[in-house]
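# Descriptive analysis of the structure
Below, each chain spelled out in residue letters.
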Amino acid sequence: MTAEDSQIERRWEQLHTWGPYGFLGISIVLGVVSADPHTAQAKWATAWSLVGAAVVLQLWWHATGFRRPDRGRTPSPAGTAYYVVRWALAFVLAWLSPFFAFYAATGYMDADELLPRRWRRLGLLASAVTVAGAQTGGMPFRNVLQWLLFAVLLAANSALQVGIAHLNDQEKQRSRERTETIAALRQALDENAALHGQLLVQAREAGVADERRRLAAEIHDTIAQGLAGIIAQLQVVTNTPDPAVAEEHVGRALALARHSLGEARRSVHNLAPVALEHDGLPEALQKTVAEWGERTAIRAEFTLTGTAEQLHEEVAATLLRIVQEALSNAARHAHATRVGVTLSYLGDEVILDIRDDGTGFDLCAVPARSRAGGFGLDGMRARAERIAGSLTVESEPGLGTALSARVPLVRHDN
């Protein structure tokens, strides 16, 4: 229930609680002001006795608390008795003074709450009889014209109350449907949150396996090949008697060793996203791009658009890994001179764009990823899909490559 619905509900509650007091007060004031000074004392005494009984009835009903919100609004024997006694008092008072029709009209307000369904129309008809009789000029009727006027007014009052009751039933039905819709939406949101949490757990577990395969492929492509090259150079040294040739091959071995050491350090650094330990994703990406540009001597730029938010650690780690892999591919295969990385926060999603001006490639000619092969485009796409995202690639030979990863904006758990 919204705040506006709660406020309307409180106002209706106040009207049902204090309305009978107000209508009874209006009836008393108008009845006294319009009364004939020569009215018999017995009639005055009867009227005041009935007014006192009506006040006592209202105080009793208010004090017993049968209509408290926590008791609900289901008709009860006490509510039916209260309605019948109030109608009887209103009928007799309206007989004595037509202005007590205001008090009788309270029967229109709460018949649906006080009377069982099978007696509800009868209760409304009884209240309509009292109100129509007072509108006719008061009872008893003295001529046929008053009877005819009473019949017309009774029909009008009955039609009015039927229309109001119909509108009230429609409003209650809409309220129930709105409540059911809100409950269904809340359940769907809760289920979505649970599914998203499960998705992130699966992404974390799958990410561990992918990291193992990526690291194994990287060791094979860099460190292992470097060690194999060192062994080959040292074998030449051991088999040659020429000092100059041996020195040349030792130098090559040292260069390969330094390069392999650098690759090993980079692999260890990328094994865990330590860049996210103290920085948010934008800061970590900016540092990663800058360090990669310094290491490779390739012009690299990072751009942030939108308002940055603290992302869930799995989302941030996934995007950082995609950038690291894309930069690694650009350095190894693209022969690019310029790389641009853009992180965009757009409402309920985050978009990561990586562009280079390298050699590009034919998308149709990309080999399928093997179990022991490199991480590559399929691996980056799998990373994005595991957190309900997607990865698109655009590339042509000689025209560079553009990657775009779109993932949901899942905020950090506080």
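All of the points below concern the structure found in this document.

Calculation criteria
Residues numbered from 1 in each chain as written. Predicted model: local features only at pLDDT ≥ 70, side-chain atom pairs only at ≥ 80, totals over all residues. Heavy atoms only, no water. Helix = DSSP H or I, 4+ residues; strand = E, 2+ residues; numbered from the N terminus. Buried < 20%, exposed > 50% of the residue type's maximum accessible area, 1.4 Å probe, protein only. Contact = heavy atoms within 4.5 Å. Salt bridge = Lys/Arg side-chain N within 4 Å of Asp/Glu carboxyl O. Axes fitted to C-alpha atoms, helices over the stretch in contact; angles between N-to-C directions. Parallel < 35°, antiparallel > 145°, perpendicular 65-115°, else oblique. Left-handed = near helix turned anticlockwise from the far one by under 90°. Nonpolar A, V, L, I, M, F, W, Y, C, P; charged D, E, K, R; others polar. Expected span 1.5 Å × (residues − 1). Phe/Tyr/Trp six-rings, centres within 6.5 Å; stacked < 30°, edge-to-face > 60°. Pairing = 2+ DSSP bridges.

Attention shifts here to unusual backbone geometry. Looking along the chain, the bond that leaves M139 and enters P140 is cis, with omega of 5°. One can find P140 in the loop between α6 (117–136) and α7 (144–239). In this structure, A297 is a non-glycine residue whose phi angle is positive, near 60°. Mapped onto the fold, A297 is located in the loop between α9 (281–296) and β1 (299–305). Accessibility expressed as a relative area gives 73% for A297, which makes it exposed. A positive phi angle is found at A388, which is not glycine, with a value near 65°. By the element assignment, A388 lies in the loop between α11 (376–386) and β4 (390–395).

Our next topic: the environment of F23. Tracing the backbone through its elements, the reader meets F23 in helix α1 (residues 3–34). Taking C-alpha positions, F23 is 8.5 Å from A104, a pair spaced 81 residues apart along the chain. Each residue touching F23, except ones within four places of it in the same chain, is listed here: F102, Y103, T106 and M109.

On to the pattern of salt bridges. Taken as a whole and judged by the stated rule, the model has seven salt bridges. Its salt-bridge partner being K287, residue D279 comes within 2.7 Å of it at the nearest N-O pair. Overall, the relative accessible area of 45% leaves K287 in the partly exposed class. A salt bridge links R406 to E349; its shortest N-O distance comes to 2.5 Å. Within this pair, whereas R406 is found in strand β5 (residues 401–408), its partner E349 is found in strand β3 (residues 349–356), the two being separated by 57 residues in sequence. With a relative accessible area of 37%, R406 lands in the partly exposed category.

Right, let's get into the packing of helix α5 (residues 107–114) against α6. Packed helix pairs are specified by the crossing angle of their axes together with the interaxial distance, meaning the distance between the axes. The geometry of α5 relative to α6 is characterised by a closest axis approach of 9 Å and an angle of 165° between their N-to-C directions. If you check the angle between α5 and α6, you find them roughly antiparallel. α5 and α6 meet at a crossing whose hand is right-handed. Of the residues in α6, those touching α5 at G107, Y108, A111 and D112 are R120, L124, S127, A128 and V131. Residue composition of the contact of α5 with α6, grouped by class: five nonpolar, two polar and two charged.

The terminal C-alpha atoms of helix α10 (residues 313–334) lie 30 Å apart, and with 22 residues this matches the ideal 32 Å at 1.5 Å per residue to within 8%. Summarising burial for α10: 18 of the 22 residues are buried, a large majority. Of the residues trailing α10, H335 is marked for its positive phi of about 55°.

With that out of the way, let us pick up the packing of aromatic side chains. By the definition in use, this model includes eight aromatic pairs. Pairing W18 with Y21 gives two aromatic rings, centres 5.6 Å apart and planes at 40°, and the pair type is tilted. Of this pair, W18 and Y21 are both found in helix α1, three residues apart, which corresponds to roughly one turn of the helix. On the basis of relative accessible area, Y21 is assigned to the partly exposed category, the value being 22%. Ring centres of F141 and W147 lie 4.8 Å apart, and the angle between their planes is 80°; this geometry places the pair in the edge-to-face category. Residue classification places F141 among the buried residues on the basis of a relative accessible area of 13%.

Time to look at the packing of α9 against α10. Viewed as axis vectors pointing N to C, α9 and α10 meet at an angle of 15°, and their least axial separation amounts to 10 Å. Judged on the interaxial angle alone, α10 and α9 are roughly parallel. As α9 runs across α10, the sense of the crossing is right-handed. Residues L281, L285, T288, V289, W292 and T296 of α9 touch α10, and the partners they reach there are A316, L319, L320, V323, Q324, L327, S328, A330 and A331. Looking at side-chain class alone, the contact of α9 with α10 contains eleven nonpolar, four polar and no charged residues.

Next up on the list: the pairing of β3. Sheet topology places strand β2 (residues 338–346) next to β3; eight bridges connect them, and they run antiparallel. Following the sheet pairing, V341 is matched in β3 by I354. Joining the antiparallel neighbours β2 and β3 is a turn of two residues, in which G347 adopts a positive phi near 65°. In this structure, β3 lies alongside β5, joined through eight bridges in antiparallel fashion. Bridged to I351 within β5 is R406.

By themselves, these are just geometric observations and shouldn't be taken as functional.
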